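A closer look at the structure
These are the residues of each chain, in order.
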Protein chains: 2
Amino acid sequence: MFDSPASQPSSQPPLNRPGPEQLEELRARLGDPRKVTTGRAAREHHSRDFSYHPPHLPDAVVYPESTADVQAVLEWAARHRVAVVPFGVGSSLEGHTVPLAGGISLDLTRMDAILEVRPEDFLVRVQPGITRSRLNQRLAREGLFFPVDPGADATIGGMIANNASGTSAVRYGAMKHQVLGLEVVLAGGRVLRTGSRAVKSSAGYNLTALFVGSEGTLGVVTEAILRIYPLPEFVLAARASFPDVEAAARVAVALIRAGVPVARVELVDAATIRAVNGYKGTAYPERPTLFLEFAGTEAAVREEVALARELAALEDAVDFTFETDPAAREKLWEARHQAALAIAAAAPGRRMMATDVCVPLSQLPASIRFARQVAEEHGLEAAVLGHVGDGNYHVTFMVDPEDPAEVARAEAVNRRIVEDALARGGTCTGEHGVGMGKIRYLVAEHGEEGVRWMRSLKAMLDPLGILNPGKVVAPAGQA
Amino acid sequence: MFDSPASQPSSQPPLNRPGPEQLEELRARLGDPRKVTTGRAAREHHSRDFSYHPPHLPDAVVYPESTADVQAVLEWAARHRVAVVPFGVGSSLEGHTVPLAGGISLDLTRMDAILEVRPEDFLVRVQPGITRSRLNQRLAREGLFFPVDPGADATIGGMIANNASGTSAVRYGAMKHQVLGLEVVLAGGRVLRTGSRAVKSSAGYNLTALFVGSEGTLGVVTEAILRIYPLPEFVLAARASFPDVEAAARVAVALIRAGVPVARVELVDAATIRAVNGYKGTAYPERPTLFLEFAGTEAAVREEVALARELAALEDAVDFTFETDPAAREKLWEARHQAALAIAAAAPGRRMMATDVCVPLSQLPASIRFARQVAEEHGLEAAVLGHVGDGNYHVTFMVDPEDPAEVARAEAVNRRIVEDALARGGTCTGEHGVGMGKIRYLVAEHGEEGVRWMRSLKAMLDPLGILNPGKVVAPAGQA
């Protein structure tokens, strides 16, 4: 349990840790010593992500300011056989940014420019270090927005790296649906450009798709061309409570079935609402609750909400409240936003573990019930949050990374939930990615053949194994 | 010009043509002699596609009936180093199904089962030989449909192979957005399963996306899990004529900008309407014309149409007619449906060449005007049809494949249109795929680095170069 995957394929010689001389050479190459630091605080900040996965210090943190800088780092890293781990804001949840083999944490936050905004083409070209909130601030001036919302204010580069999605995916899809093209610096320093500014293409193999979700293990994204969308004219948020998880899920499916382009549809289970009430002193009905958002023209939204009310009434919803004012909408969604925090607040000093299975829609209620039961059997205080229009949900709990028994118990819960989801035709991770935490499930999900080809892709694009070693694909014989 | 690409990478020994003994061995392996034919009629039917690309006879046509049959064929083909070219209904437009190196045409139409229909999960599992119309007949019973509509009644396998899209892509996306998982038989006969029944996943590299659009050059798809959608409650078709292409395109963009989820928005240029009038004896206004379809709840559709009328009026639309009855809708779209036929009817015995560039939306009017001008300079009768919500359009003309001067002239037109589109940030093919016809543009579009990695992917998955040789990637030194 929690055996850290080896840092490079076993057929490779071990990676090197860069010494002062090599780092001096890198500083000289980058032309500005402030682009490379070995300071303890910076290294600690770059030793982990937001999760319970154990930290590991990089030997240095490098702050490139251009594609040429990234090329220089990767050329240098290949020559010295040093690991490079791309880093955005460190909000990943499976240890993606942990530099397991030391080496360089490549902090891309200085490459945060919006290079091109083309409102009439519904696309934007950005550097990877920009956060989604900053991008959306800029796009709002054009009446446009970038829809993918994973919760955290992640960088676009990080969101590409793990194919993020979140609450709006039910309407707009995941990152892979938004990325039209990429500039990627490959292991060794060459630059690959994929895709174009056209929204459709059948011009050869889909290299873009190969990098979206590759978690920094196949190359470093230095630019992305993204689709953007008009801000809806009218937005309405709603909340309704149900007798059980099945009833709530049935309403979500019925809405989709009726062709309603629901903007968000989130499920929070009864025990989680209870935790929120305890944490915030609120009095939400302690029942499975749907949080909904509708967006479009006012007439269409009003019609959709009327339909949602009818469907909810058929399933004995005990209340159905809605708001159109932005502040009131925010307040109405508060229990959803607070759910994970309520769990976190009860466990100071602990770190987050979140399951992330995604199952066929019809399997969601049974999958959630199973997960809740397993968590309770193991005595874990857990929030259950579901992206119920996609069949993706999270069981979120806090663990003490220093307590091996507690970690083992949490991991056992995670494993049972994953195994159950795979048996239902689902996936071990709907949106958080593989990182370190899900490597152990990839063979169960994709078979030996699938993992073998993933390893071949890794070997093709990163023959020295220096890009984010120990993530996504385990060395042969370990998965 | 029209130099046929070599049939395998130059570093490979040439492929073999299977003799009677080898074919007898294959018949024995497949257990039923009727699965393998060398009859002239079958071989001729499988020698070409729907386009002007010169035919080439396969040595035999094989009709597998199961994944195990496909495995047997690919295992046999690897052993004897014989080319295998998957074939659906032969409706491709860039020579995809032409067996350039002879060998086997693998006709998948007997593998046409619908293996699983899961209405509550909005997904279906099918074999590759089923056509989209047959799939939709079955799904209609559930009030569901599969949206991708490339015009031809292609097989799902063929549509996966070239990442087809068509008129409904503006709302639903292309094939790559619909495919959740695949079963693929790889060169040599091993079976790879990708994806799952979950609508979202971040579980490792996106192997599914590698095969969608790979045109039978990386493996043979034997099963696919596809997303399906509720049939809209209410559908309305509309047609409007405009003073110029720019005005029509502006209306399309304004609709998208207003957040209208338009179901289809197609542009036909003035010269094409004129050809239709000449062919059908109709009297449509000989102006650039938008064909629109709106779908959803009746109230939403009525609101969308009202907005479309307003936007069209602002651009001096000379008429705006609409219909809700299915037969009348069909009639209203008739000029759109007849456009290519009108050109074809004027050129008996000739074969179709269709350009397929896709450009950023704002570039579409200028791209279409340029293309029309080039076609007229070369004295070509051409239909111009645009998927104007995606920036993708076709200039369709008929050529005599036996007349090298005519073919060269048509190809010169094609080349100028592609070069112009690439300069505008577009792609050489929005939906038809590369086949034989677009190989020559891939370096201009993707750069040497991009094509080099496509070649590496091909070499990784098909080291003997037996899968649809001469398509998508040219041997090194030829692109």
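Residues numbered from 1 in each chain as written. Chains lettered and ligands numbered in written order. Predicted model: local features only at pLDDT ≥ 70, side-chain atom pairs only at ≥ 80, totals over all residues. Heavy atoms only, no water.

1. Describing the overall build of chain A
Along chain A, the regular secondary structure elements total 15 helices and 18 strands. Its C-alpha atoms give chain A a radius of gyration of 22 Å, near enough to 23 Å, the size a compact globule of 479 residues would have. Considering only C-alpha atoms, chain A reaches an extent of 70 × 55 × 40 Å along its principal axes. Scored against the burial criterion, the 479 residues of chain A give a buried share of 63%. A separation threshold of at least 6 residues defines the contact pool for chain A, and within that pool the share at least 24 residues apart is 73%. (Helix = DSSP H or I, 4+ residues; strand = E, 2+ residues; numbered from the N terminus. Rg over C-alpha atoms; globule rule 2.2 N^0.38 Å. Buried < 20%, exposed > 50% of the residue type's maximum accessible area, 1.4 Å probe, protein only. Contact = heavy atoms within 4.5 Å.)

2. Notes on the sheet that holds strand E18 (residues 392–399) of chain A
Strands pair in a sheet through their backbones, by hydrogen bonds, and they do so in one of two ways: parallel or antiparallel. All names here are of chain A. Pairing in this open sheet of seven strands is antiparallel, and the strands run E15-E12-E14-E13-E17-E18-E16 from one edge to the other. Among the strands making up the open sheet, the edge pair consists of strand E15 (319–323) and strand E16 (351–354). When the angles between neighbouring strand axes are averaged without regard to direction, this sheet yields 20°. Both strand E17 (residues 383–387) and E18 contribute to a ladder of five bridges, which runs antiparallel. Pairing of Gly386 across the sheet is with Tyr393, part of E18. Strands in contact with helix H9 (residues 270–280) are strand E13 (264–268), strand E14 (289–296) and E17; relative to E13, the strand with the most contacts, it is inclined by about 80°. (Pairing = 2+ DSSP bridges. Axes fitted to C-alpha atoms, helices over the stretch in contact; angles between N-to-C directions.)

3. Notes on the packing of aromatic side chains
Following the criterion strictly, the structure yields six aromatic pairs over all chains and no others. Centroid distance Tyr172 of chain B to Tyr229 of chain B: 5.0 Å. Interplanar angle 65°. Geometry classified as edge-to-face. On the criterion of sequence distance, the pair formed by Tyr172 of chain B in helix H6 (residues 169–172) and Tyr229 of chain B in strand E11 (residues 229–230) is long-range, its members being 57 residues apart. Neither residue differs from the other here; Tyr172 of chain B and Tyr229 of chain B are each classed as buried. Each member of the aromatic cluster is reached from another via a ring pair, and the members are Phe145, Tyr172 and Tyr229 of chain A. Here Arg452 of chain A stacks its cationic end above the ring of Trp453 of chain A, 5.1 Å away from the centre of that ring. (Phe/Tyr/Trp six-rings, centres within 6.5 Å; stacked < 30°, edge-to-face > 60°. Lys NZ or Arg CZ within 6 Å of the ring centre and 35° of its normal.)

4. Description of the pattern of salt bridges
If the charged atoms of two oppositely charged side chains come close together, the side chains can form a pair. All names here are of chain A. Following the criterion strictly, the structure yields 76 salt bridges over all chains and no others. The partner of Asp32 in a salt bridge is Arg34, and the shortest N-O contact between them spans 3.3 Å. Using a relative accessible area of 15% as the deciding quantity, one classes Asp32 as buried. Here Arg34 falls in the exposed class, since its relative accessible area comes to 63%. Connected through shared salt-bridge partners, Glu116, Arg118, Asp121, Arg125, Arg197 and Glu223 make up one network. (Salt bridge = Lys/Arg side-chain N within 4 Å of Asp/Glu carboxyl O.)

5. A short note on the environment of Ile368 of chain B
Residues and elements named next belong to chain B. Positionally, Ile368 belongs in helix H13 (residues 364–377). Separated by 219 residues in the primary sequence, Ile368 and Asp149 place their C-alpha atoms 22 Å from one another. Apart from residues no more than four positions distant in its own chain, Ile368 is found in contact with Val245, Leu267, Val384 and Tyr393.

6. Concerning the relation of the copies chain A and chain B
Take chain A, turn it by 180°, move it 0.0 Å along the axis, and it overlays chain B with an RMSD of 0.0 Å. Considering both components of the superposition, the chain copies are consistent with a two-fold axis. Taking C-alpha positions as reference, the residue of chain A nearest the rotation axis is Ala300 of chain A, located at 2.6 Å. (Least-squares fit on C-alpha atoms with pLDDT ≥ 70 in both.)

7. Some remarks on the pairing of strand E8 (residues 179–185) of chain A
Residue and element names in this part refer to chain A. By the criterion of burial, E8 is predominantly enclosed, with seven of the seven residues buried. The pairing of E8 with strand E10 (residues 220–227) spans six bridges and is antiparallel. Bridging from a neighbouring strand, Leu182 pairs with Ala224 of E10. Examined bridge by bridge, E8 and strand E9 (residues 191–195) share five bridges and lie antiparallel to one another. Counterpart to Val185 in the pairing with E9 is Val191. Between the end of E8 and the start of E9, which pair antiparallel, lie five residues, with Gly188 showing a positive phi angle near 105°.

8. What to know about the UniProt feature "domain: FAD-binding PCMH-type" (unreviewed entry) in chain A
If you check UniProt for "domain: FAD-binding PCMH-type" (unreviewed entry), the listed places come out as residues 54–231 of chain A in our numbering. Secondary structure across residues 54–231 of chain A comprises 21% helix and 25% strand; the distance between its end C-alpha atoms is 40 Å. (UniProt positions renumbered as here; feature names shortened; annotations may be inferred.)

9. Let's talk about the interface of chain A and chain B
At the interface, 81 residues of chain A touch 81 residues of chain B. In terms of surface lost to chain B, no three residues of chain A exceed Lys200, Tyr205 and Arg257 of chain A, which account for 15% of the buried area on that side. In this assembly, chain A and chain B are joined by six salt bridges. For the salt bridge of Lys200 of chain B with Asp390 of chain A, the shortest nitrogen-to-oxygen distance reads 3.9 Å. (Buried area = accessible area lost by both parts, 1.4 Å probe.)

10. Notes on the side chain of Ser47 of chain B
Residue and element names in this part refer to chain B. Mapped onto the elements, Ser47 comes out in the loop between helix H2 (40–45) and strand E2 (60–62). Residue class for Ser47 comes out buried when judged on its relative accessible area of 5%. Looking at Ser47, its side chain comes within polar contact range of the main-chain oxygen of Glu44, at 2.7 Å. Excluding anything up to four places from it in sequence, Ser47 contacts Pro55, His56, Leu57, Pro58, Val98 and Pro99. (Polar contact = N/O pair within 3.5 Å; in protein donor to acceptor, adjacent residues only side chain to side chain.)

11. So, the sheet that holds strand E12 (residues 234–241) of chain B
Residues and elements named next belong to chain B. The strand order E15-E12-E14-E13-E17-E18-E16 describes an open sheet built from seven strands, whose pairing is antiparallel. Only two strands of the sheet have a single partner each, and these edge strands are strand E15 (319–323) and strand E16 (351–354). Strand-to-strand twist of the sheet, defined as the mean angle between neighbouring strand axes without regard to direction, takes the value 20°. As paired strands, strand E13 (residues 264–268) and strand E17 (residues 383–387) are joined by three bridges and run antiparallel to one another. Within the sheet, the bridge partner assigned to Val268 lies in E17 and is Leu385. The strands that helix H9 (residues 270–280) touches are E13, strand E14 (289–296) and E17; relative to E13, the one it contacts most, it runs at about 80°.

12. Regarding helix H1 (residues 20–30) of chain A
Residue and element names in this part refer to chain A. For H1, the set of buried residues is Leu23, Leu26, Arg27 and Leu30. One side of H1 carries all its buried residues, which in axial view fall inside an arc of 100°. Turned more than 90 degrees from where H1 packs its buried face, Glu21 and Ala28 sit exposed. Contacts made by the buried residues of H1 are with strand E1 (36–37), strand E2 (60–62), helix H3 (67–80) and strand E4 (104–107). Among the residues trailing H1, Gly31 stands out with phi positive, at a value near 75°. (Arc of directions from axis to C-beta.)

13. Overview of the state of the cysteines
Residues and elements named next belong to chain A. Taken as a whole and assessed by the stated rule, the structure comprises zero disulfides over all chains. There is no disulfide at Cys358, and the cysteine sulfur nearest it, in Cys428, is 11 Å away. On the basis of relative accessibility, which here comes to 0%, the residue Cys358 falls in the buried class. (Disulfide = S-S within 2.5 Å.)

14. With respect to the domain arrangement of chain A
All names here are of chain A. Domain annotation for chain A reports domain 1 (20–109), domain 2 (114–230), domain 3 (234–424) and domain 4 (438–478). Contact residues are listed per partner, giving seven residues for domain 3 and five residues for domain 4. In this assembly, domain 3 packs against domain 4 so that about 510 Å² is buried in total across both faces, 59% of it on carbon and sulfur atoms. The largest contributions to the domain 3 side of the interface with domain 4 come from Arg415, Val418 and Leu422, which together make up 66% of the buried area. The tally of links from domain 3 across to domain 4 stands at one salt bridge. (Domains from an automatic or database assignment.)

15. Some remarks on the pairing of strand E5 (residues 114–118) of chain A
All names here are of chain A. Here E5 runs beside strand E6 (residues 123–126); their pairing, made up of four bridges, is antiparallel. Bridging across to E6, Arg118 finds its partner in Leu123. Taken together, E5 and the strand that follows it, E6, pair antiparallel across an intervening segment of four residues, in which Phe122 is found at a positive phi of about 55°.

16. Quick look at the confidence of the model for chain A
All names here are of chain A. Taken over all residues, the pLDDT of chain A has a mean of 94, while the share at 70 or more is 96%. In this model, residues 1–10 is a region of pLDDT below 50 whose contacts with residues beyond four sequence positions or in other chains number 31 contacts. Scored by ipTM, the complex comes to 0.95, with pTM at 0.96. (pLDDT = per-residue confidence, 0-100.)

17. Some words on unusual backbone geometry
With the exception of glycine, the majority of residues adopt a negative phi angle, and the majority of peptide bonds are in the trans configuration. The residue Phe122 of chain A is not glycine, and still its phi comes out positive at about 55°. One can find Phe122 of chain A in the loop between E5 and E6. Using a relative accessible area of 7% as the deciding quantity, one classes Phe122 of chain A as buried. You will see that Asp316 of chain B, though not glycine, has its phi angle at about 60°, which is positive. Examined against the element boundaries, Asp316 of chain B turns out to sit in the loop between helix H10 (298–314) and E15. We classify Asp316 of chain B as exposed; its relative accessible area is 52%.

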